[in-house]
Amino acid sequence: PSAGTAAEMRTLMKGLDLGKVYAATRCPQLVVLPTRDTPVTEQFAGLYAAHRRYVVAQAKASGVRYLQLEDASHHMVIEQPDVLASVIGDFLADR
C-alpha cells in the first residue's frame, strides 16, 4: 500500500483501543484471533500482524484470555466452525 494508506490504516487501528473495554468488562472474556490474512488483506499483512500483537498485549494487560487460532483468517467461523465451537465451549465450561 502507499505510505498514505498505510499511515491512515495505522491510525485507524490504533484508535481501536480495546484495553479500556477489556478492563471495564466484569465478566470472563475470550479473544480469538486469526493467524493469517485473507487474500483481500494480504497487501496489509504487516499492519494486521502488528495490530494482532497490539490486541494480544491489551488482552494480556487486562487479564483477558486469548487464543490465536492456527491457520484461521477473519473468516474463522466459516473455515473452522468445529474448532472454534470447541474453543468457545471449553472456555464456557471453565466458567
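Quick note: structure is the one above.
Source: prediction; values computed, not measured.

## Looking at the pattern of salt bridges
Oppositely charged side chains may form a pair once their charged atoms are brought near each other.
Alright, step 1. With the rule as written, the count across this model stands at 4 salt bridges.
Alright, step 2. Where Asp71 meets Arg36, a salt bridge forms, and the shortest distance between an N and an O atom there is 3.0 Å. Of the two residues, Asp71 is situated in the loop between strand 2 (65-69) and helix 4 (76-79) and Arg36 in the loop between strand 1 (30-34) and helix 3 (45-62); the sequence distance between them amounts to 35 residues.
Alright, step 3. One salt bridge in this structure joins Arg52 and Asp37, with 3.4 Å as the shortest N-O distance. Of this pair, Arg52 sits in helix 3 while Asp37 sits in the loop between strand 1 and helix 3, placing them 15 residues apart in sequence. Residue Arg52 shares its accessibility class with Asp37, and that shared class is buried.
Alright, step 4. Here the salt bridges do not stand alone but share partners, grouping Arg36, Asp71 and Glu79 into one network.

## Let's talk about the environment of His74
Alright, step 1. Inspection of the secondary structure assignment puts His74 in the loop between strand 2 and helix 4.
Alright, step 2. When its relative accessible area of 67% is taken as the criterion, His74 is described as exposed.
Alright, step 3. Sequence-wise, His74 and Thr38 are 36 residues apart; in three dimensions their C-alpha atoms are separated by 7.1 Å.

Rules behind the numbers
- Residues numbered from 1 in each chain as written.
- Predicted model: local features only at pLDDT ≥ 70, side-chain atom pairs only at ≥ 80, totals over all residues.
- Heavy atoms only, no water.
- Salt bridge = Lys/Arg side-chain N within 4 Å of Asp/Glu carboxyl O.
- Helix = DSSP H or I, 4+ residues; strand = E, 2+ residues; numbered from the N terminus.
- Buried < 20%, exposed > 50% of the residue type's maximum accessible area, 1.4 Å probe, protein only.

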